[in-house]
Amino acid sequence: MRALAVPAPDAVSPDRLRRRVDARLAELLPRPADHRDLVCMAMRESTLAPGKRTRPLLMIIAARELGCCSQSVVDAGCAVEMVHAASLTLDDMPCMDDAELRRGRPTIHRRFGEDIAILASVALLSQAFQLVASLPGVAPAVRNRLVAELACAVGPQGLVGGQCRDLRDGSGMRDVDDIVDTNALKTGALFAAALEMAALLAEAGDDDRRHLRAAACELGQAFQLYDDLQDRRDSSCTGKDCDKDAGKSTLLSVLGAEEVRRRLHAHIDGAQAAFARVYGDDSALAGYCGRLFGVA
């Protein structure tokens with residue numbers, strides 16, 4: 001049976017939830033033992049740098065609207081955020097995207113060195129899986145499924161596979177379907193894992209989980225298109241290096257900005273429609289989804 005506690009309206013304010021996630025992340029991440037503990041410093045810098053905390057907030061709101069307000073959802077969201085931070089640190093490395101700026105700050109390898117950036121990323125992944133595997137008050141069978149879901153999102157069926165395809169094939173000519181498939185792995189897989197984990201913790205039914213996964217697929221495509229458009233903006237506005245996709249075959253370079261914007265809005269509409277099938281037309285999750293892209 002699902003927990004039936006329903007939070008007060010102000011408890012699901014995205015700003016309030018973001019502060020809660022930030023505070024919990026600060027508690028969960030290891031603190032440096034001294035000034036030589038560079039790995040822990042880099043872990044905290046990578047994860048606690050100012051950000052939207054989109055994935056954990058989606059998880060918390062998704063679970064709350066299903067009647068589950070468990071602390072385990074917050075902790076699972078923090079684990080997903082650690083995985084996300086690790087992936088960004090690795091993506092920024094000179095052997096990958098070779099970025100100098102992330103969230104308005106020097107990238108982790110620029111600040112701590114490439115060796116520490118790699119070690120911090122591995123440590124964040126380890127911390128994330130340890131956290132999910134030891135969630136209190138969650139049945140062992142459910143914890144196993146949560147770990148498997150997150151592992152699948154990270155591996156060759158997800159982030160790793162998508163990044164490899166993007167690095168190896170992105171500089172050549174690609175058709176639209178191939179780019180979409182790469183985006184689904186590189187960006188969509190972690191959204192799918194996040195919402196599936198929230199659904200598992202909330203004991204959602206098969207139909208609800210199917211609709212949430214459909215929403216996650218739409219969100220993954222939307223975020224990648226949004227990121228492609230942001231890449232052409234000045235770094236002072238985005239907090240990231242600009243024109244990092246120059247010379248790459250993205251949907252923006254293949255289809256042009258007008259079609260990418262059309263697709264972006266179609267994916268946002270698709271995500272909101274999928275959320276509505278689970279939560280109804282007044283879904284807080286659909287509203288939050290729209291605000292992420294400035295369309296609500």
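Right above here is the structure, for reference.
The rules behind these values
Residues numbered from 1 in each chain as written. Predicted model: local features only at pLDDT ≥ 70, side-chain atom pairs only at ≥ 80, totals over all residues. Heavy atoms only, no water. Helix = DSSP H or I, 4+ residues; strand = E, 2+ residues; numbered from the N terminus. Rg over C-alpha atoms; globule rule 2.2 N^0.38 Å. Buried < 20%, exposed > 50% of the residue type's maximum accessible area, 1.4 Å probe, protein only. Contact = heavy atoms within 4.5 Å. Areas by Shrake-Rupley, 256 points an atom, 1.4 Å probe, with all protein chains shown as cover. Salt bridge = Lys/Arg side-chain N within 4 Å of Asp/Glu carboxyl O. Phe/Tyr/Trp six-rings, centres within 6.5 Å; stacked < 30°, edge-to-face > 60°. Axes fitted to C-alpha atoms, helices over the stretch in contact; angles between N-to-C directions. Parallel < 35°, antiparallel > 145°, perpendicular 65-115°, else oblique. Left-handed = near helix turned anticlockwise from the far one by under 90°. Nonpolar A, V, L, I, M, F, W, Y, C, P; charged D, E, K, R; others polar. Core = buried A, V, L, I, M, F, W, Y, C linked by side-chain atoms within 4.5 Å.

Before we move on, could you go through the overall build of the protein and cite the residues and values that matter?
Per the secondary structure count, the protein includes 14 helices and two strands. In terms of overall size, the protein behaves like a compact globule, its C-alpha atoms giving a radius of gyration of 18 Å where 296 residues would be expected to give roughly 19 Å. For the C-alpha atoms alone, the extent of the protein along its principal axes is close to 50 × 50 × 35 Å. Taken across its 296 residues, the protein has 50% of its residues classed as buried. Sequence separation of 24 or more characterises 70% of the internal contacts of the protein that already satisfy a separation of 6 or more. Surface summary for the protein: the accessible area is close to 13,500 Å², and the carbon and sulfur share equals 52%.

Describe the pattern of salt bridges, naming the residues involved and giving the relevant values.
The tally for this structure, following the rule as stated, stands at 20 salt bridges. One salt bridge in this structure joins D178 and R165, with 2.7 Å as the shortest N-O distance. Note that D178 is positioned in helix α9 (residues 176-201) and R165 in helix α8 (residues 159-169), a separation of 13 residues in sequence. For D178, a relative accessible area of 22% corresponds to the partly exposed category. Here R165 falls in the partly exposed class, since its relative accessible area comes to 26%. Linking D166 and K186 is a salt bridge whose minimum nitrogen-to-oxygen distance equals 2.8 Å. Here the residue D166 occupies a position in helix α8, and K186 occupies one in helix α9, the gap between them amounting to 20 residues. Under the relative-accessibility criterion, K186 is labelled buried at 17%. Residues joined in a network through salt bridges with shared partners are E149, E196, D206, R209 and R213.

Could you give me a rundown of the packing of aromatic side chains, with the residues and numbers involved?
Using the criterion set out here, one finds three aromatic pairs in the structure. Seen from their ring centres, F223 and F293 are 4.8 Å apart, and the 65° between their planes marks the pair as edge-to-face. Placement of the pair is F223 in helix α10 (residues 206-230) and F293 in the segment after α14 (284-292), with a sequence separation of 70 residues. For F223, a relative accessible area of 16% puts it in the buried group. According to the relative accessible area criterion, F293 is buried, its value standing at 9%. Considering the side-chain rings of Y226 and F293, the 5.6 Å spacing of their centres and the 85° angle between planes classify their relative orientation as edge-to-face.

With reference to specific residues and values, describe unusual backbone geometry.
Located in the positive-phi region is R103, a residue other than glycine, with phi close to 55°. Positionally, R103 belongs in the loop between β1 (101-102) and β2 (105-106). Although it is not a glycine, E203 adopts a positive phi angle of roughly 55°. Examined against the element boundaries, E203 turns out to sit in the loop between α9 and α10.

Break down the packing of α9 against α10 for me, with residues and values.
The N-to-C vectors of α9 and α10 enclose an angle of 140°; their axes lie 7 Å apart at closest approach. What the angle tells us is that α9 and α10 run oblique. Where α9 crosses over α10, the handedness of that crossing is right-handed. Facing V180, N183, A184, K186, T187, G188, F191, A192, L195, E196, A199 and L200 of α9, the residues of α10 in contact are R209, L212, R213, A216, L219, G220, Q221, F223 and Q224. Taken together, the residues of the contact of α9 with α10 sort by class into eleven nonpolar, six polar and four charged.

Residues and numbers for the nonpolar core, please.
Counting residues in hydrophobic clusters, the biggest one holds 82 residues, and the most contacted among them are L212, L219, F275 and F293. At 13 residues, α9 tops the list of elements feeding residues into this core. If near-sequence neighbours (up to four positions away) are discounted, L212 is found in contact with L66, L195, A199, F275, V278, Y279 and L285.

Go over the environment of R277, please, and point to the residues and values.
Assignment of secondary structure puts R277 in helix α13 (residues 257-279). With relative accessibility at 54%, the residue R277 sits in the exposed group. Here the alpha-carbon distance between R277 and D178, two residues 99 residues apart in the chain, equals 29 Å.

Pulling in residues and values, what's your account of the environment of A189?
Tracing the chain through its elements places A189 in helix α9. Distance in space between the C-alpha atoms of A189 and V154 is 7.9 Å, their sequence separation being 35 residues. With residues near it in sequence (within four places) discarded, A189 still touches A153, G158 and A184.

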